[in-house]
Amino acid sequence: MSIKEEIETLKREFLSACENARNLKDYEDLRVKYLSRSGKVAALFKLMGQLSQEERPQAGKSLQELRAEIQVKVDELIQSGEMKKAAKPMMDPTLPGRASNMGGLHPITRLEQEIITIFLRMGFSVERGPEVESTFYNFDQLNTPLWHPARDKTDTFYLRKDLVLRTETSPIQVRVMERKAPPVRFIAPGRVYRNDKPDASHSPMFNQVEGLYVDSRVTFTELKGTLLEFYRAFLGADTKIRFRPHYFPFTEPSAEVDVSCVFCSGKRCRVCKNSGWMEMGGSGMVHPNVFRAVNKVRGDEAYDPEKVSGFAFGLGIDRLAMNLFGIDDIRMLYENDLRMLRQLA
Ligand code: DAH
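1. So, the sheet that holds strand β4 (residues 163–165)
Pairing is antiparallel in the open sheet, where three strands are placed in the order β2-β4-β3. Across the chains shown, the open sheet's two edge strands, defined by having one partner strand only, are β2 (132–134) and β3 (158–160). When the angles between neighbouring strand axes are averaged without regard to direction, this sheet yields 35°.

Here it is as structure tokens:
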């Protein structure tokens, strides 16, 4: 084969190799195969030595043209290959989508919302108060005597001598009355804190819903009627309630409130520990000293104990949640274990 034929053959071979090359790697292989120092074009240059003086210039020219042609083509291919690679989309639209997880409300939040809905229907509004509370509002303004055990450091989280994590939602009663003249009628849900070692029935943080209604001539009868109405709406139309005399510093008279067991309707079962009743919280008629303390801060007689009266109540919702949802350890409410929360969502 003459050198001229060899050049023609290599050119054809190169062009068909180009047709078969698909990607950047193929194109780079072409460069190595044809243009490198041990490549096919270089091999033909080596044959030049065997040519006669007359043949050599023409052959050299043809070979240089071939090399330039191949160089241009390979450069082109490599450039197009790199562009294709860069333009490759980051997202693969053929992949299946990722499922998103639906969130849910915590069981305590759900109960709180149900309670709010019922009381709104009965004409109560909703108030909130701070969780870091002064001893002034948490104790003094609520007629809590200095000897009261709730003031003890072993019972209450003190941040400072005069600052605590509120032990109850009751201080909100005073805060609202200071701001608003009677009549007031609201509930106030929120977290409260007590220095209790956590165990199955104790958590250092739990939830209460406070209630207060003050107007001229509010009576104990209305307290009973309001709570009965509430519990019937909340727990079922055949729910019964009972009041047991008790002591709270900020109410007189005071009573603890029980409701008939939601599981056995009072027939006695394991949940109510065979009593037929479940303890819900405290209540009573607002103590005149609380009104007096409010007036002192207000600087008026808006809450004159001779002219206004009111009832208050506070119910704990954690124990209720445990009973309703069949949870036998209060800590489960606060561990955020999704296996448990999902069942109640
Ligand atoms: N604050 C009381 C407690 O945490 C509950 C309570 C009792 C609230 C009587 C009241 C009330 O408003 O009138 O034990």
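2. Some thoughts on the pattern of salt bridges
By the definition in use, this model includes 18 salt bridges. Across the pair Lys40 and Glu13 runs a salt bridge whose closest N-O atoms are separated by 2.8 Å. Of this pair, Lys40 sits in helix α3 (residues 40–47) while Glu13 is found in helix α1 (residues 3–20), placing the two residues 27 residues apart along the sequence. Judged by relative accessible area, Lys40 falls into the partly exposed class, the value being 31%. On the basis of relative accessible area, Glu13 is assigned to the partly exposed category, the value being 30%. Between Arg191 and Glu131 there is a salt bridge, and its shortest N-O distance comes to 3.5 Å. Of the two residues, Arg191 is situated in strand β5 (residues 184–193) and Glu131 in the loop between β1 (125–126) and β2; the sequence distance between them amounts to 60 residues. Each of Arg242, Arg244, Glu256 and Asp258 takes part in salt bridges that share partners, so that together they form one network.

3. A few points about the sheet that holds β1
Strand order in the open sheet formed by seven strands is β1-β5-β6-β10-β9-β8-β7, with mixed pairing between adjacent strands. Whereas interior strands pair on both sides, the edge strands pair on one side only; in this sheet they are β1 and β7 (241–248). Summarising the sheet, strand β6 (residues 205–215) and strand β10 (residues 309–316) pair through eight bridges and their orientation is antiparallel. Each residue of the ladder has a partner; that of Val209, found in β10, is Leu315. Of the strands in this sheet, β6, β9 (277–286) and β10 touch helix α9 (residues 288–298), which is tilted by about 55° from β9.

4. A look at the packing of helix α5 (residues 107–121) against helix α10 (residues 318–325)
Remark: α5 packs on α10, axes separated minimally by 10 Å, with the N-to-C direction vectors making an angle of 105°. As the angle between them shows, α5 and α10 are arranged roughly perpendicular. On the side of α5, the interface is formed by Pro107, Ile108, Arg110 and Leu111, while α10 contributes Asp318, Ala321, Leu324 and Phe325. Looking at the contact of α5 with α10 residue by residue, the classes come out as six nonpolar, no polar and two charged.

5. Side note on the site of the ligand
Looking at the ligand, there are 15 residues lining it, with Glu168, Ser170, Arg194, Gln208 and Glu210 nearest. Ala312 is positioned such that a nitrogen or oxygen atom in its backbone is 3.2 Å from an oxygen atom of the ligand. Coverage of the ligand by the protein chains reaches 91% of its 350 Å² of free accessible surface. Counting only elements with at least two residues in the shell around the ligand, the list comes to β6, β9 and β10.

6. Concerning the packing of aromatic side chains
This model, assessed by the stated rule, comprises twelve aromatic pairs. Their ring planes at 20° and their centres at 4.5 Å tell us that Phe119 and Phe230 sit as a pair that is stacked. Highlighted residues: Phe119 in helix α5 and Phe230 in helix α8 (residues 220–235), separated in sequence by 111 residues. Relative to Phe234, the ring of Phe230 lies with its centre 5.2 Å away and its plane at 20°, an arrangement referred to as stacked. Placement of both Phe230 and Phe234 in helix α8 is noted, with a separation of four residues, approximately one turn of the helix. Among the aromatic residues, those joined into a ring-pair cluster are Phe119, Phe124, Tyr213, Phe230, Tyr231, Phe234, Phe311 and Phe313. Between the NZ or CZ atom of Lys153 and the centre of the ring of Tyr158, over which it lies, the distance is 5.0 Å. Over the face of the ring belonging to Tyr137 we find Arg175, whose NZ or CZ atom lies 4.2 Å from the ring centre.

7. Details of helix α7 (residues 171–179)
Of all the nine residues making up α7, seven are buried; the element is thus mostly covered by neighbouring parts of the structure. Taken together, the buried positions of α7 are Pro171, Ile172, Gln173, Val174, Val176, Met177 and Glu178. Against β2, α6 (135–138), β5, β6, α9 and β10 lie the buried residues of α7.

8. Quick word on the environment of His148
Mapped onto the elements of the fold, His148 is located in the loop between α6 and β3. A C-alpha to C-alpha distance of 8.9 Å links His148 and Pro249, two positions 101 residues apart in sequence. Not counting residues up to four positions away in its chain, the partners in contact with His148 are Tyr247 and Pro249.

9. Some thoughts on helix α4 (residues 55–87)
Relative to the 48 Å expected for 33 residues at 1.5 Å per residue, α4 spans 48 Å between its end C-alpha atoms, a close match to the ideal helical length. Along α4, the residues that are buried comprise Ala59, Gly60, Leu63, Leu66, Ile70, Val74, Leu77, Ile78 and Gly81. Looking at the buried residues of α4, the elements they touch are α1, α2 (24–35) and α3.

10. What about the domain arrangement of the protein chain?
In many analyses, interface size is given as the accessible surface area lost on bringing the parts together. In terms of domains, the protein chain is made up of domain 1 (3–87) and domain 2 (107–344). Summarising the inter-unit geometry, the C-alpha centres of domain 1 and domain 2 are found 91 Å apart.

11. Topic: the nonpolar core
Note on soluble globular proteins: their nonpolar side chains tend to be buried together. With 42 residues, the main nonpolar core has Ile115 and Tyr231 as its most contacted residues. Ignoring any residue separated from it by four or fewer positions in sequence, one finds Tyr231 in contact with Gly236, Thr239, Ile241, Val257, Val259, Met280 and Leu315. The next biggest cluster of nonpolar side chains, apart from the first, holds 22 residues, and it includes Tyr27, Tyr34, Ile70 and Val74.

What counts, and where the lines are drawn
- Residues numbered from 1 in each chain as written.
- Predicted model: local features only at pLDDT ≥ 70, side-chain atom pairs only at ≥ 80, totals over all residues.
- Heavy atoms only, no water.
- Pairing = 2+ DSSP bridges.
- Helix = DSSP H or I, 4+ residues; strand = E, 2+ residues; numbered from the N terminus.
- Axes fitted to C-alpha atoms, helices over the stretch in contact; angles between N-to-C directions.
- Salt bridge = Lys/Arg side-chain N within 4 Å of Asp/Glu carboxyl O.
- Buried < 20%, exposed > 50% of the residue type's maximum accessible area, 1.4 Å probe, protein only.
- Contact = heavy atoms within 4.5 Å.
- Parallel < 35°, antiparallel > 145°, perpendicular 65-115°, else oblique.
- Nonpolar A, V, L, I, M, F, W, Y, C, P; charged D, E, K, R; others polar.
- Near = heavy atom within 4 Å.
- Polar contact = N/O pair within 3.5 Å; in protein donor to acceptor, adjacent residues only side chain to side chain.
- Areas by Shrake-Rupley, 256 points an atom, 1.4 Å probe, with all protein chains shown as cover.
- Phe/Tyr/Trp six-rings, centres within 6.5 Å; stacked < 30°, edge-to-face > 60°.
- Lys NZ or Arg CZ within 6 Å of the ring centre and 35° of its normal.
- Expected span 1.5 Å × (residues − 1).
- Domains from an automatic or database assignment.
- Core = buried A, V, L, I, M, F, W, Y, C linked by side-chain atoms within 4.5 Å.

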